[in-house]
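If you want the building blocks of each chain, they are given just below.
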Amino acid sequence: MNTPCKAREKFRKAIERNWSAYLMQNLEPEGFSGLNFSLATDKKEAVADIRAFEKNENAWEDLAKEFGPEKIRLEYKQVRWREAGGSRTIIDKAVFLDLRTVLLFCGGESFWESFDRARRKLSGLYAKRSVEFITKLSKEKGLLEDPESPEFDQLIALVDYLKERKTVDCYIREIPVLGIGTKFFERHLSLICDLLSIELGRTIKKESLYAKWNILTPQFLVRTKHAQNFLPGLPSDLALGIPLESLKEKPSSLIVIENVQSGLALKTVPENVPIFMGLGLAVKRLAELSWIKEVPITYFGDLDAHGLYILALFRQIAPQTKSVLMDLQAFQAYKAFAVPDPTNPPVGGAPIGLTSEEAELYEFLIKNKLRLEQERIPLAVVEEALGGKRDNVAEPE
């Protein structure tokens, strides 16, 4: 039986599922042509429980009275149900005549205000922008609905600023659009590229946006221990951030450590072997080094899904990379220090690029929602695995 509650649920799900299309169809309130909802009354069901049927009819009539005949119109039809006393007039359909009424019916005042706020923002662009441009924005529900945030207007202003210039030759912070900062730029980078592509009629990709407009960025620094391998004359025990473009000299080998403190604490690694630390997902930037595929590389990261994912990502750049202490055996040896992992794994199954032993650990970790930080493994054990040796190797209990 199609009750008002069922209609409300059906309407709301349809609108939320097709939010963008519904917005585009109703950029102007007068464009709304009405919404018909057929009660499609089933005779057998109605006759089987005539009281429930009549209660539903009353509920629809109460709803129509609540909104008024200019908002919801009920259309009736004559039926002959011998089993229910003969002829009777029943509701055939409910016609929602007003866009606001539909939204109020679906979710109350807040649902209507949220939709109307988004609609008005897009309507303001209707005479100035292409349908493709507006359609793209119509999919940005959060950006359109927020009553407090100025980010929608800032985004349009930024796109216009870039569209009118071949180059900006400055840092993001210097772009003269009120409220624009690095975080804003990064948060909306994909959308900025898409809108510029529409406006300029050519594809603007995320990777090329900075270069095309000469948007200046801070140097990418790689935290490096044994930095003298790249900058001769520095003390051998010095660790510092080196600009990526300064890492030109090919080392004999390389160690990459996920955790900065773990890298700094290493004492037995030979001085001619540089140690890169704390890169996280930014390991992909090392692809810019001309020698990265040509030297032996050892990697040690956290024994969790993200640490193994970073390793797999790094192997796309440097497939010769070997890991240490990143298998199930190492985890089991120090499982007393493992903790629950509250994060979602970056991918469901083991990512491509892991060895069978590493993949086994990955599957175990996501199944059991566990993680073991690399700092929990005794430093002497790590140094021994890396080829060094300390006298005080701690054995797990």
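Above: the structure in question.
What you see is a predicted model, and the numbers here were worked out from it, not measured in a lab.

**So, the overall build of the protein chain**
Helices and strands together make up the secondary structure of the protein chain, namely 16 helices and 13 strands. Relative to a compact globule of 397 residues, whose C-alpha radius of gyration would be 21 Å, the protein chain shows 32 Å and is clearly more extended. Projected onto the principal axes, the alpha-carbon positions of the protein chain cover approximately 100 × 60 × 30 Å. Split into buried and exposed, the 397 residues of the protein chain put 44% on the buried side. In the protein chain, 65% of the contacts between residues at least 6 apart in sequence involve partners at least 24 apart. Split by element, the accessible area of the protein chain, about 21,300 Å² in all, is 49% carbon and sulfur.

**Some remarks on helix α13 (residues 305–317)**
Taking 1.5 Å per residue as the helical rise, α13 with its 13 residues ought to reach 18 Å, and the 19 Å between its terminal C-alpha atoms agrees with that figure. The buried fraction of α13 amounts to 10 of the 13 residues, a majority that puts the element mostly inside the structure. The inward-facing, buried residues of α13 contact β8 (254–257), β10 (297–300), β11 (322–323) and α15 (356–368).

**Notes on the sheet that holds strand β3 (residues 86–96)**
Across the sheet, which stays open at both edges, the three strands sit in the order β1-β3-β2 with antiparallel pairing between neighbours. Since the sheet does not close on itself, it has two edges, and those belong to β1 (35–38) and β2 (72–81), each with one partner. Strand-to-strand twist across the sheet, computed as the mean angle between neighbouring axes with direction ignored, equals 30°. Pairing between β1 and β3: four bridges, direction antiparallel. Each residue of the ladder has a partner; that of S38, found in β3, is K93.

**Side note on the environment of L372**
Within the secondary structure, L372 sits in the loop between β13 (370–371) and α16 (379–385). Sequence spacing of L372 and L264 is 108 residues, and the spatial spacing of their C-alpha atoms is 19 Å. L372 has contacts with D302, L303, F331, Y334, F337, A338 and I377, leaving out every residue within four places of it along the chain.

**Some points on the pattern of salt bridges**
One pass over the full model with this rule turns up 24 salt bridges. Here R100 makes a salt bridge to E109, at a shortest N to O gap of 3.2 Å. Among the residues examined, R100 registers a relative accessible area of 34% and is labelled partly exposed. Among the residues examined, E109 registers a relative accessible area of 38% and is labelled partly exposed. The salt bridge partner of E145 is K141, with a shortest N-O separation of 3.0 Å.

**Some words on the pairing of β10**
With four bridges connecting them, β8 and β10 associate as parallel partners. Counted as the bridge partner of L254 is I297 from β10. Taken together, β10, α13 and β11 form a β-α-β motif whose crossover is right-handed.

**A look at the environment of V131**
For V131, the position within the fold is in helix α6 (residues 131–138). Under the relative-accessibility criterion, V131 is labelled exposed at 53%. Sequence separation of V131 and L200 is 69 residues, and the distance between their C-alpha atoms is 14 Å.

**Concerning helix α10 (residues 189–200)**
With 12 residues, α10 ought to run about 16 Å at 1.5 Å a step, and its terminal C-alpha atoms sit 16 Å apart, in line with that. Within the span of α10, buried status applies to L189, L191, I192, C193, L195, L196, S197 and I198. Buried residues along α10 sit against α6, α7 (141–145), α8 (151–163), α9 (182–187) and α11 (206–212). One or two positions beyond α10, positive phi appears at G201, with a value near 75°.

**A look at the nonpolar core**
W60, F96, L103, L137, F185 and L209 are the most contacted members of the largest nonpolar core, which totals 63 residues. In terms of residues, this core owes the most to one element, helix α5 (residues 99–123), which gives 11 residues. If you look at the next biggest cluster of nonpolar residues, it comprises 54 residues, including V273, I275, L313 and L328.

**Things to note about the packing of aromatic side chains**
Inspection of every chain in the model, using the stated rule, returns 14 aromatic pairs. Taking NZ or CZ as reference, R12 lies 4.2 Å from the ring centre of F111, over its face. In this structure, K141 is placed above the aromatic ring of W19, and the distance from its NZ or CZ to the ring centre is 4.5 Å.

**Details of the sheet that holds strand β7 (residues 239–243)**
On the basis of which strands lie adjacent, the open sheet formed by six strands has the order β7-β6-β9-β8-β10-β11 and mixed pairing. Of all strands in the sheet, those bounded by a partner on one side alone are β7 and β11. Here α13 sits on the sheet and contacts β8, β10 and β11; the angle it forms with β10, its principal contact strand, is near 160°.

Rules of the game
Residues numbered from 1 in each chain as written. Predicted model: local features only at pLDDT ≥ 70, side-chain atom pairs only at ≥ 80, totals over all residues. Heavy atoms only, no water. Helix = DSSP H or I, 4+ residues; strand = E, 2+ residues; numbered from the N terminus. Rg over C-alpha atoms; globule rule 2.2 N^0.38 Å. Buried < 20%, exposed > 50% of the residue type's maximum accessible area, 1.4 Å probe, protein only. Contact = heavy atoms within 4.5 Å. Areas by Shrake-Rupley, 256 points an atom, 1.4 Å probe, with all protein chains shown as cover. Expected span 1.5 Å × (residues − 1). Pairing = 2+ DSSP bridges. Axes fitted to C-alpha atoms, helices over the stretch in contact; angles between N-to-C directions. Salt bridge = Lys/Arg side-chain N within 4 Å of Asp/Glu carboxyl O. Right-handed = clockwise from strand over helix to strand, strands pointing away. Core = buried A, V, L, I, M, F, W, Y, C linked by side-chain atoms within 4.5 Å. Phe/Tyr/Trp six-rings, centres within 6.5 Å; stacked < 30°, edge-to-face > 60°. Lys NZ or Arg CZ within 6 Å of the ring centre and 35° of its normal.

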